[in-house]
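Take a look at the letters that make up each chain.
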Amino acid sequence: MAGVQKAQRVVLIGFMGAGKTSVGKKLAQELGWRFVDLDDVIESRSQNSVAEIFATAGEKRFRELETEALDFLLGQSNEDMVLALGGGAFVQPANRALLDRAAAATVLLQAPVEELHRRCRLDGRVRPLAQKPATFLQLFEERRAAYESAELKMETMGKDVEQVAAEV
Ligand code: S3P
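Position numbers for residues start from 1 in each chain and track the written sequence from start to end. The predicted nature of this model means local features are confined to residues of pLDDT at least 70 and side-chain atom pairs, given and counted, to a pLDDT of 80 or more, with totals for whole chains, interfaces and linings taken over all residues. Processing note: side-chain calculations cover all non-hydrogen atoms of the structure and skip hydrogens and water entirely.

**Quick word on the overall build of the chain**
Then comes step 1: Under the scheme used here, helices are H or I runs from DSSP no shorter than 4 residues and strands are E runs no shorter than 2 residues, and both carry numbers assigned from the N terminus. Scanning the chain for helices and strands turns up eight helices and five strands.
Then comes step 2: Along the chain direction, N to C, the helices and strands of the chain fall in the order β-α-β-α-α-α-β-α-β-α-α-β-α.
Then comes step 3: For the C-alpha atoms alone, the extent of the chain along its principal axes is close to 60 × 35 × 25 Å.
Then comes step 4: In this scheme, a residue with accessible area under 20% of its type's maximum is buried, one over 50% is exposed, and one in between is partly exposed, where area comes from a 1.4 Å probe on protein chains only. Residue burial in the chain is summarised as follows: out of 168 residues, 45% are buried.
Then comes step 5: Contacts between residues were defined by any pair of non-hydrogen atoms, one from each residue, lying within 4.5 Å. Taking as baseline every contact in the chain between residues at least 6 positions apart, the subset at least 24 positions apart corresponds to 76%.

What follows is the structure in structure tokens.
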């Protein structure tokens, strides 16, 4: 008897403004898979926006909620899924361990830091860690090494969402 096939998970990672959500939606549509944005899961589980959580409970609490949401999501269903992580999620070793255990395929979306900052300013979302250019740049530098362990790395500069989704 054939075994039950394991759910396939493609996980988009990268810094704020990398295009994880828009590329993820397009890719999921192309594959006919479910699309999930981890920040949306955090918000619906806590009934609070990411910006509110940062403002009232702080980043440390946000990171706990993020890991809980990821654990919940990966354990939850056996559906094939495209998952977009928030920019800081892959940096946390606990989250990388959860992704390893789920045999998720990780794809890093990259762009120069000026371009990432430009996209964040344009898309109108409130990102607590994108408010100060100096913090943005510092985080970008600090996270580089962690992002390097993604299985696939893709440059997004000068490409539209459709192009990047097709390449992934
Ligand atoms: C964060 C990125 C955000 C969100 C939160 C923290 C980060 O997601 O999870 O504001 O630490 O880089 P996006 O990368 O989707 O903006």
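Let's pick the thread back up.
**Things to note about the pattern of salt bridges**
Then comes step 1: Any Lys or Arg side-chain nitrogen found within 4 Å of a carboxyl oxygen on Asp or Glu counts as a salt bridge. Summed over all chains, the structure comprises 13 salt bridges.
Then comes step 2: Across the pair Glu 115 and Arg 119 runs a salt bridge whose closest N-O atoms are separated by 2.8 Å. Residue Glu 115 and its partner Arg 119 are located together in helix α6 (residues 113-122), separated by four residues, close to a single helical turn.
Then comes step 3: The class for Glu 115 is buried, based on a relative accessible area of 13%.
Then comes step 4: A relative accessible area of 18% means that Arg 119 is categorised as buried.
Then comes step 5: Residues joined by salt bridges that share partners form a network here, namely Glu 59, Arg 63 and Glu 66.

**Remarks on the packing of helix α3 (residues 50-57) against helix α4 (residues 59-76)**
Then comes step 1: Here, axes are lines fitted to C-alpha atoms. For helices the fit covers the stretch in contact, and angles between N-to-C directions go from 0 to 180 degrees. Interaxial distance between α3 and α4 falls to 7 Å at its minimum, and their mutual angle equals 130°. Considering the angle they form, α3 stands oblique to α4. Where α3 abuts α4, its residues Val 50, Ile 53, Phe 54 and Ala 57 lie against Glu 59, Arg 61, Phe 62, Arg 63 and Leu 65.
Then comes step 2: For the contact of α3 with α4, the residue count by class is six nonpolar, no polar and three charged. Relative orientations are named as follows: roughly parallel for angles under 35 degrees, roughly antiparallel for angles over 145 degrees, roughly perpendicular for angles from 65 to 115 degrees, and oblique for any other angle. Residue type decides the class: Asp, Glu, Lys and Arg count as charged, Ala, Val, Leu, Ile, Met, Phe, Trp, Tyr, Cys and Pro as nonpolar, and the leftover types, Gly among them, as polar.

**Concerning the site of the ligand**
Then comes step 1: Close contacts around the ligand come from 15 residues, with Lys 20, Arg 63, Gly 87, Arg 127 and Arg 143 the closest.
Then comes step 2: In protein, a polar contact requires one atom able to donate a hydrogen and another able to accept it; more generally it is a pair of N or O atoms within 3.5 Å, and residues adjacent in sequence count only if both atoms are side-chain atoms. Contact between the ligand and Arg 63: an oxygen atom at 2.7 Å from a side-chain N or O atom of the residue.
Then comes step 3: A distance of 3.3 Å is found between an oxygen atom of the ligand and a backbone nitrogen or oxygen belonging to Gly 88.
Then comes step 4: When the ligand sits alone it has 380 Å² of accessible area, and the protein chains cover 98% of it.
Then comes step 5: Among the secondary structure elements, those contributing two or more residues to the shell around the ligand are α3 and α4.
Then comes step 6: A per-class count over the shell around the ligand returns six nonpolar, three polar and six charged. For each residue, the test is whether any non-hydrogen atom lies within 4 Å of the molecule or strand; if one does, the residue is near. All accessibility values rest on the Shrake-Rupley procedure with a 1.4 Å probe; residue burial counts only the protein chains present in the view.

**Regarding α3**
Then comes step 1: All buried positions along α3 are accounted for by Val 50, Ile 53 and Phe 54. Projected down its long axis, α3 shows its buried positions confined to an angular sector of 100°, all on one face. Exposed side of α3, more than 90 degrees from the buried face: Ala 55 and Thr 56 are the residues found there.
Then comes step 2: Those residues of α3 that are buried lie in contact with α2 (38-46) and α4.
Then comes step 3: In the segment just after α3, Gly 58 is the residue with positive phi, at about 90°. Relevant arc is that of directions from the helix axis to the C-beta atoms, nothing else.

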